[in-house]
Amino acid sequence: MEVLKQRILQEGVVMSDQVLKLDGLLNHQIDPALTMEMGREFAARFRESGVTRVITVESSGIPVAFAAAHELGVPLVFARRKKTLLADPDAYCERVPSFTKGIVTDIMVSREYIHENDRILFIDDIIANGDAARGVIKIIERSGAELVGFGVVVEKCFQAGARTIREQGIPVEALVRIRSLNDGTVQFDDNEL
């Protein structure tokens, strides 16, 4: 997605050779027009997959996942990172480390909102090591639902996350692939998979 690449170059901040800060367009402030365009792109890539539900992890994945769910005309479910007083005590739960937060959290999805006859599209904002993604995939597998694909806004190709998911036979679609953040510069990977 060329418009997304341009916005990353304009607004992204390379914090280190491992971390790209996208707060101005993806993780703190949301551009509704760009977000809806990303949702349309994911919907186009997965429309023929018979998606019945979109899933993501709170909170940065929610806007793009919402846009994709809206375009596909299906519900959006998000995995919570914190238990609430109203949380389903029998929810699917996985413990996952967070690359950007540097902590381990539990992610939970109520059994009420994911079923064995669902065809699920998983959408997220950025994939680095893929720990949270693997946690969501485990939850989907335990529910008996079928994961039809994983859409990610930014794939950091120099980290193993997306590769390990592809190795499981799951279709992964990235809107932008970043090859390197070395020397404070975003280098895109335009090679087709």
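Numbering of residues begins from 1 in every chain and follows the order in which that chain's sequence is written. pLDDT decides what is reported in this predicted model: residues at 70 or higher carry local features, side-chain atom pairs at 80 or more are listed and counted, and totals for whole chains, interfaces and linings draw on all residues regardless. For the side-chain quantities, the full set of heavy atoms in the structure was used; hydrogens and water were omitted.

Under an unreviewed UniProt entry, the protein has the name Xanthine phosphoribosyltransferase and belongs to Paenibacillus taichungensis. UniProt positions are given in the numbering used here, feature names are shortened, and annotations may be inferred rather than shown by experiment. Regarding the protein, the relevant UniProt record gives this comment under Pathway (unreviewed entry): "Purine metabolism; XMP biosynthesis via salvage pathway; XMP from xanthine: step 1/1."

Student: Summarise the sheet that holds strand S9 (residues 172–180); cite the residues concerned and give the values.
Tutor: To summarise the sheet geometry, strands pair through backbone hydrogen bonds and adopt either a parallel or an antiparallel arrangement. When DSSP finds at least two bridges between two strands, those strands are taken to pair. Under the scheme used here, helices are H or I runs from DSSP no shorter than 4 residues and strands are E runs no shorter than 2 residues, and both carry numbers assigned from the N terminus. Taken in spatial order, the six strands line up as S4-S3-S7-S8-S9-S10 in an open sheet, and their pairing is mixed. Because the sheet does not close on itself, it has two edges, and the strands there are strand S4 (76–79) and strand S10 (187–188). Pairing geometry for strand S7 (residues 119–127) and strand S8 (residues 146–156), over eight bridges, is parallel. Considered in S8, the bridge of Ile126 is made with Val154. It only takes one pair of heavy atoms within 4.5 Å for two residues to be counted as in contact. To obtain an axis, a line is fitted to C-alpha atoms, over the contacting stretch when the element is a helix, and the angle between two such axes runs from 0 to 180 degrees between their N-to-C directions. Its contacts with the sheet place helix H4 (residues 62–72) against strand S3 (53–57), S4, S7 and S8, and it is angled at close to 180° to S3.

Student: So what's going on with unusual backbone geometry? Which residues, and what values?
Tutor: Of note, the bond from Glu58 into Ser59 is cis; its omega dihedral lies within 30 degrees of zero at 5°. Unusually for a residue other than glycine, Asp183 sits at a positive phi of about 60°. Its place among the elements puts Asp183 in the loop between S9 and S10.

Student: Before we move on, could you go through helix H5 (residues 131–143) and cite the residues and values that matter?
Tutor: An expected span of 1.5 Å times one less than the residue number is assigned to each helix. Given a rise of 1.5 Å per residue, 13 residues ought to cover 18 Å, and the 19 Å separating the end C-alpha atoms of H5 matches this to within 8%. Partly exposed residues are those whose accessible area sits between 20% and 50% of the maximum for their type, while under 20% is buried and over 50% is exposed, using a 1.4 Å probe and protein chains only. Turning to H5, its buried residues number three or more, namely Ala132, Ala133, Gly135, Val136, Ile137, Ile139, Ile140 and Ser143. Along its buried surface, H5 packs onto S3, strand S5 (92–98), strand S6 (103–109), S7, S8 and helix H6 (161–167).

Student: Lay out the pattern of salt bridges in plain terms, naming residues and giving numbers.
Tutor: We define a salt bridge as a contact between a side-chain nitrogen of Lys or Arg and a carboxyl oxygen of Asp or Glu at a distance within 4 Å. One pass over the full model with this rule turns up 15 salt bridges. A salt bridge links Arg7 to Asp31, with the shortest nitrogen-to-oxygen separation between them at 2.7 Å. With Arg7 in helix H1 (residues 2–11) and Asp31 in the loop between helix H2 (23–27) and helix H3 (32–46), the pair connects residues that are 24 residues apart, well separated along the chain. In this structure Arg7 comes out as buried when scored by relative accessible area, which is 17%. Residue Arg163 pairs with Glu167 through a salt bridge whose shortest N-O separation is 3.7 Å. With a gap of four residues between them, Arg163 and Glu167 both fall in helix H6, about one helical turn apart. Judged by its relative accessible area of 46%, Arg163 falls in the partly exposed class.

Student: An account of the UniProt feature "binding site: xanthine" (unreviewed entry) in the protein is needed here, citing residue identities and associated values.
Tutor: Feature annotation in UniProt places "binding site: xanthine" (unreviewed entry) on Leu20, Asn27 and Lys156, given in this structure's numbering. Inspection of the secondary structure puts Lys156 in strand S8.

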